[in-house]
Amino acid sequence: MSGKTPPKSKKSFTLSRSSVVFLERLRRERKVLSASRVLDDLIQQEEARHRRRTVEDAIADYYSNLSDAERGEEKAWGQFALEQLTAVQIATGCAS
């Protein structure tokens, strides 16, 4: 990383008083100078959660729509992978 701060855009938002109090409390707890920084962090955390949920939903959808034959193939590959992992662990002395 270059250590440079990414470009920012100045925006104006109207927030409820309770939201402002909450942001100020988080700002003090996190010991940062700016409530904008706290708000930006919260938005980035929510964006990351949203991306993770989207991926998890896509994976769940994929597996829930497999045919019986595809499910059997996935199970066989999983068993094969587990056998290979176990063999590598034994060969390298990392078996638990």
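Here the structure is shown first, and the text comes after it.
All of the points below concern the structure found in this document.

The rules behind each value
- Residues numbered from 1 in each chain as written.
- Predicted model: local features only at pLDDT ≥ 70, side-chain atom pairs only at ≥ 80, totals over all residues.
- Heavy atoms only, no water.
- Helix = DSSP H or I, 4+ residues; strand = E, 2+ residues; numbered from the N terminus.
- Polar contact = N/O pair within 3.5 Å; in protein donor to acceptor, adjacent residues only side chain to side chain.
- Phe/Tyr/Trp six-rings, centres within 6.5 Å; stacked < 30°, edge-to-face > 60°.
- Buried < 20%, exposed > 50% of the residue type's maximum accessible area, 1.4 Å probe, protein only.
- Salt bridge = Lys/Arg side-chain N within 4 Å of Asp/Glu carboxyl O.
- Expected span 1.5 Å × (residues − 1).

This next bit is on the environment of Ser-34. Mapping Ser-34 onto the fold places it in the loop between helix H1 (17–30) and helix H2 (35–64). The sequence separation of Ser-34 and Glu-24 amounts to 10 residues, and the corresponding C-alpha distance is 8.6 Å. Separated by 3.2 Å, the side chain of Ser-34 and the backbone nitrogen of Arg-37 make a polar contact.

Attention shifts here to the packing of aromatic side chains. The description of an aromatic ring pair rests on the distance of the ring centres and on the angle between the ring planes. Counting across every chain of the model gives two aromatic pairs. Both rings, one in Tyr-62 and one in Tyr-63, keep their centres 4.9 Å apart while their planes meet at 85°; by these two values the pair is edge-to-face. On the basis of relative accessible area, Tyr-63 is assigned to the partly exposed category, the value being 41%. Relative to Phe-80, the ring of Trp-77 has its centre 5.8 Å away and its plane inclined at 85°; by these criteria the two rings are edge-to-face. Pair noted here: Trp-77 and Phe-80 are both in helix H3 (residues 68–92), with a separation of three residues, about one helical turn. Relative accessible area serves as the criterion here: at 40%, Phe-80 is assigned to the partly exposed category.

Turning to the pattern of salt bridges, a few remarks are in order. If the charged atoms of two oppositely charged side chains come close together, the side chains can form a pair. What the rule picks out here adds up to eight salt bridges. One salt bridge in this structure joins Asp-41 and Arg-37, with 3.4 Å as the shortest N-O distance. Of the two residues, Asp-41 and Arg-37 are both situated in helix H2; the distance of four residues between them amounts to about one turn of the helix. The exposure class assigned to Asp-41 is partly exposed, which follows from its relative accessible area of 22%. Residue classification places Arg-37 among the partly exposed positions, given a relative accessible area of 47%. Across the salt bridge formed by Arg-49 and Glu-46, the nearest N and O atoms sit 3.2 Å from each other. Placement of both Arg-49 and Glu-46 in helix H2 is noted, with a separation of three residues, approximately one turn of the helix.

Take Gly-78: it is sitting in helix H3. The class of Gly-78 is partly exposed, set by a relative accessible area of 39%. The sequence separation of Gly-78 and Ser-18 amounts to 60 residues, and the corresponding C-alpha distance is 50 Å.

Okay, H2 next. Relative to the 44 Å expected for 30 residues at 1.5 Å per residue, H2 spans 43 Å between its end C-alpha atoms, a close match to the ideal helical length. N-capping of H2 is provided by Ser-34, with a side-chain oxygen placed 3.0 Å from the backbone N of Ser-36.

Turning our eyes to something else, we now look at H1. The end-to-end C-alpha separation of H1 is 20 Å, in line with the 20 Å expected for 14 residues at 1.5 Å each. Lys-31 occupies a position one or two residues after H1 and carries a positive phi of about 55°.

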